[in-house]
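Read off the chains here:
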Amino acid sequence: MELQQMRYVVAVAETGGFTRAAERCHVVQSALSHQIARLEKELGARLFDRTSRRVRLTAAGEAFVPVARQALQAAERARAEVEAVTGEVSGRLAVGAISTVGAVDLARELGAFRTTYPKVRISLQMEMSDPLLERVREGVLDVAFVGLVPGARPVGVREKVLARGELVAVVPPEHPLAGRGWTTLARVARETFVDWTEGSAARRQREEAFRAAGLTAEVPFEVTTVEFMAELVRAGLGIGMVPEAFAGRLTGLRTVRVRPAPERTERVVWSGLGPSPAAVAFLAGLGVETGGRSGGGAAS
């Protein structure tokens, strides 16, 4: 079994086809197919069900791909660790972030990092907090910026609180609350909400405050990005709640403070098994000391 064969299998699984996988890996399709066939023969099991319309992982393939990803990441990490000893940071830096990240200027930080460490391959994924935490635990992401309720203690990662803040209501200019500097949580609860998907960390920030006050909310509109939330609020379909530090970026909306306000913390998280050299360098640029290895909890 060779790393290149694993790389081909993962590429097919991620792209959904042999042609696209070959293009990603910069090889001819026949060579990629031949190597996968060799691996399947060695394993004694088919990894893919192939039809004229699509390629789908078999049960054996579903079991193989996550372990293959880990093996590829471990090989890349080993190379990066050796290069770091010689004073050269390389490898990859896979970053995840929520759409409302505000504690850092992420674009500027990534640009500065690329200038300082040009041999590091940088990627960025925008997602909700819970999937980002899971991808950090799995090693898919090296670092992620998430928003959580103050008391949350994510397991399997190390973390640093970057900022603490409150949620504010955002409403269209013609809304009755638009001219007010603040309102009560009970008054806001009478509104129709455009909110994050049920069960998400972002949704829990509002729900915990409502639950503590004995309030409920009508939420017919669920979103996964702050941009679409803003569009629906501008259309008059409901009101939203976003971090106060981010609200000013939403053009065409009015901000209303709420009392008592839902609270949130913005955090940066990295693997509880220890960050890669590239992740250490990136976090150091943010003023975050990664310390030793840990299975969870906060970094000071």
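In this text the structure is predicted, and so the values were computed from the model without any measurement.

A.B. asks: Give me the lowdown on unusual backbone geometry, citing residues and values where you can.
C.D. replies: In this model, R259 is joined to P260 through a cis peptide bond whose omega is -10 degrees. Turning to its location among the elements, P260 is positioned in the loop between strand 11 (254-259) and strand 12 (263-271). Of note in this structure, H26 is not a glycine but carries a positive phi near 60 degrees. Among the structural elements, H26 can be located in the loop between helix 2 (18-25) and helix 3 (29-43). Exposure remark for H26: the relative accessible area of 72% places this residue in the exposed category.

A.B. asks: Which residues make up the pairing of strand 12, and what values do they have?
C.D. replies: Every other side chain in a regular strand lies on the same face of the sheet, so the side chains alternate between the two faces. Most of strand 12 is tucked away: eight of the nine residues are buried. Sheet topology note: the strand 5 (residues 143-148)/strand 12 ladder contains six bridges and is antiparallel. Counted as the bridge partner of G147 is E266 from strand 12. Judged from the nine bridges that link them, strand 6 (residues 157-171) and strand 12 form a sheet pairing that is antiparallel.

A.B. asks: Residues and numbers for the nonpolar core, please.
C.D. replies: L93, V143, F145 and F282 are the most contacted members of the largest nonpolar core, which totals 33 residues. Elements with a contribution of two residues or more to this core: strand 3 (91-97), helix 5 (106-116), helix 6 (129-138), strand 5, strand 12 and helix 11 (277-285). Sequence-distant contacts of F282, that is, excluding residues within four places in its chain, are made with L93, L106, E109, L110, F113, V143 and F145. Judged by nonpolar contacts, the second largest core, of 19 residues, contains A11, A21, F64 and L72.

A.B. asks: Break down helix 5 for me, with residues and values.
C.D. replies: When helix 5 is considered as a whole, its buried residues turn out to be L106, L110 and F113. Buried residues in helix 5, looked at end-on, bunch into an arc of 60 degrees, giving them a common side. Facing away from the buried side of helix 5 by more than 90 degrees, the exposed set consists of A107, R108, T115 and T116.

The rules behind each value
Residues numbered from 1 in each chain as written. Predicted model: local features only at pLDDT ≥ 70, side-chain atom pairs only at ≥ 80, totals over all residues. Heavy atoms only, no water. Helix = DSSP H or I, 4+ residues; strand = E, 2+ residues; numbered from the N terminus. Buried < 20%, exposed > 50% of the residue type's maximum accessible area, 1.4 Å probe, protein only. Pairing = 2+ DSSP bridges. Core = buried A, V, L, I, M, F, W, Y, C linked by side-chain atoms within 4.5 Å. Contact = heavy atoms within 4.5 Å. Arc of directions from axis to C-beta.

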